[in-house]
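Spelled out from the first residue to the last, the chains are:
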Amino acid sequence: MEITLVKTTTPKPKPDPAKLGFGRFFTDHMFVWDYNPEQGWHDPRIVPYGPLELDPASAVLHYGQAVFEGMKAYRGPQGEVLLFRPEQNMARLNRSNARMSIPQFDEEFALRAIKELVALEREWIPTAPGTALYIRPFIIATDNVLGVRPSATYRFMVILSPVGAYYEEGLNPVSIYVEPHYVRAVRGGTGFAKAAGNYAGSLLAQKNAVAKGHSQVLWLDGIERKYVEEVGAMNVFFNIGGQMVTPDLGDSILPGVTRDSILQLLRSWNVPTVERRLSVEEIFQAHAEGTLVEAFGCGTAAVVSPIGRLEYQGRLIEIGGGKIGELTQKLYDTLTGIQTGRLPDPFGWVVRVDV
Ligand SMILES: *Cc1c(COP(=O)(O)O)cnc(C)c1O
């Protein structure tokens, strides 16, 4: 399949690299690929970035049949353009599709399209430490029918956004509210998929946590509300007595590429690591016994985000005395070093884009 290209005639000025923030600026072009039952995925094209015209009856606007991904392109020391385990994102997008009744797509072709788009927009990749070009693939249901059923037609799109350093003043530990009532995902639900509606449903608890002076929510399981699942839209790790514990994957936890990479790194360093059920009581118990050494969230946007405080049912604990943990810092340095081509890549994670 050929990807047609229509270049913009009105390129935008590049934003001030010091004021990028996250997901506020978008590049000059986007990728678009349509689906219908007769032609399958067809008419792949790179076109000028711009608004969509959607029928008000479009299924995605009413029933949220939509999925997305998040990945980054980095600049290497010689100006090379690097992606991090992008095939994992494509595979996960197809798993999200399967759950949301969206047709499967050719992962290799989609990755080729992403590489072509990133190569075209290479001048938009910021170079300062901690910055990157965020890549947002997403798929929406486009049937114009109000009946509740899987759409017959879809649109796959990719947009790009230069993003600033997540941590402007270093990796400062954040305060987390353990959400006792609302849950992010349930067994048999859609938590393992990057389905748009999962995030809409999480906003109220997030807003309440911010109003209480915290920066994120720690989500508990949907059945007993006892076991830790994720922190905000990140996976979570706890260092308990030198062992790194992360919740085991079920269908209510998003299987993060960062989580998997961290597990592989820790194992390669011979750090004891376990994926298992972990109750919030056990975390508070470990704190009381002095064995709760460090805690962090992890995901593509932040890489790692140290947790400095946890509040649960009126009890407040501090972790790591307000400082980032030793392993947390080492994981951040190693992962970002590999991603940006400044450290060796023993796992073969980095994919170079021809420009
Ligand atoms: C995207 C996401 C993550 C992190 O996944 P990465 O592949 O590491 O970016 C974790 N939890 C949720 C809920 C997510 O949406």
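Model, not experiment: these values are computed from the prediction.

Chemist: A description of the packing of aromatic side chains should follow, citing residues and the corresponding values.
Modeler: The full count for this structure, using the stated rule, is 17 aromatic pairs. Their ring planes at 90° and their centres at 6.1 Å tell us that Trp41 and Phe156 sit as a pair that is edge-to-face. Taken together, the positions of Trp41 in strand 3 (residues 40-48) and Phe156 in strand 8 (residues 154-163) put the pair 115 residues apart, joining distant regions of the chain. In this pair, the class of Trp41 matches that of Phe156, namely buried. By the ring-pair criterion, three or more aromatic residues cluster together here, those being Phe31, Trp33, Tyr35, Trp41, Phe105, Phe109, Tyr154 and Phe156. Its guanidinium or amino end placed over the ring of Tyr227, Arg277 lies 3.9 Å from that ring's centre, counting from NZ or CZ. The ring of Trp269 has Lys330 lying over it, and the distance from NZ or CZ to the ring centre is 4.1 Å.

Chemist: Describe the site of the ligand, naming the residues involved and giving the relevant values.
Modeler: Lys194, Tyr199, Glu230, Thr258 and Thr300 are the nearest of the 14 residues found near the ligand. Between the ligand and Glu230 there is a distance of 2.5 Å, counted from a nitrogen atom to a side-chain nitrogen or oxygen. Contact between the ligand and Thr300: an oxygen atom at 2.6 Å from a side-chain N or O atom of the residue. Alone, the ligand offers 380 Å² of accessible surface; in the complex the protein occludes 96% of this. Within the shell around the ligand, the residues separate by chemical class into 5 nonpolar, 5 polar and 4 charged.

Chemist: Any details on the side chain of Glu179? Residues and values, ideally.
Modeler: In this fold, Glu179 is placed in the loop between strand 9 (174-178) and helix 4 (196-200). No salt bridge forms around the buried Glu179; measuring N to O, its nearest opposite-charge neighbour Lys212 is 6.4 Å away. Polar side-chain contacts of Glu179 include one of 2.9 Å to the backbone nitrogen of Tyr182. The contacts of Glu179, once residues within four sequence positions are left out, are Ala205, Val217, Leu218, Trp219 and Leu220.

Chemist: An account of the domain arrangement of the protein is requested, with residue identities and associated values reported.
Modeler: Domain parsing of the protein yields domain 1 (4-163) and domain 2 (174-339). When each unit is reduced to the centre of its C-alpha atoms, the spacing between domain 1 and domain 2 is 28 Å. The interface is formed by 19 residues belonging to domain 1 together with 21 residues belonging to domain 2. Counting the surface lost from both domain 1 and domain 2, the interface buries some 1700 Å², and carbon and sulfur atoms represent 61% of this. It is Phe84, Arg92 and Arg99 that lose the most area in domain 1 upon contact with domain 2, and together they represent 33% of the buried surface on that side. Connecting domain 1 to domain 2 are 1 salt bridge.

Chemist: So what's going on with the side chain of Asn239? Which residues, and what values?
Modeler: Mapped onto the secondary structure, Asn239 falls in strand 12 (residues 235-240). Relative accessible area serves as the criterion here: at 4%, Asn239 is assigned to the buried category. Polar contacts involving the side chain of Asn239 include one to the main-chain amide nitrogen of Gly242, which spans 2.9 Å. Ignoring sequence-local partners within four residues, the contact set of Asn239 consists of Met244, Thr291, Leu292, Val293, Glu294 and Leu327.

Rules of the game
- Residues numbered from 1 in each chain as written.
- Predicted model: local features only at pLDDT ≥ 70, side-chain atom pairs only at ≥ 80, totals over all residues.
- Heavy atoms only, no water.
- Phe/Tyr/Trp six-rings, centres within 6.5 Å; stacked < 30°, edge-to-face > 60°.
- Helix = DSSP H or I, 4+ residues; strand = E, 2+ residues; numbered from the N terminus.
- Buried < 20%, exposed > 50% of the residue type's maximum accessible area, 1.4 Å probe, protein only.
- Lys NZ or Arg CZ within 6 Å of the ring centre and 35° of its normal.
- Near = heavy atom within 4 Å.
- Polar contact = N/O pair within 3.5 Å; in protein donor to acceptor, adjacent residues only side chain to side chain.
- Areas by Shrake-Rupley, 256 points an atom, 1.4 Å probe, with all protein chains shown as cover.
- Nonpolar A, V, L, I, M, F, W, Y, C, P; charged D, E, K, R; others polar.
- Lys, Arg positive; Asp, Glu negative; His and termini not counted.
- Salt bridge = Lys/Arg side-chain N within 4 Å of Asp/Glu carboxyl O.
- Contact = heavy atoms within 4.5 Å.
- Domains from an automatic or database assignment.
- Buried area = accessible area lost by both parts, 1.4 Å probe.

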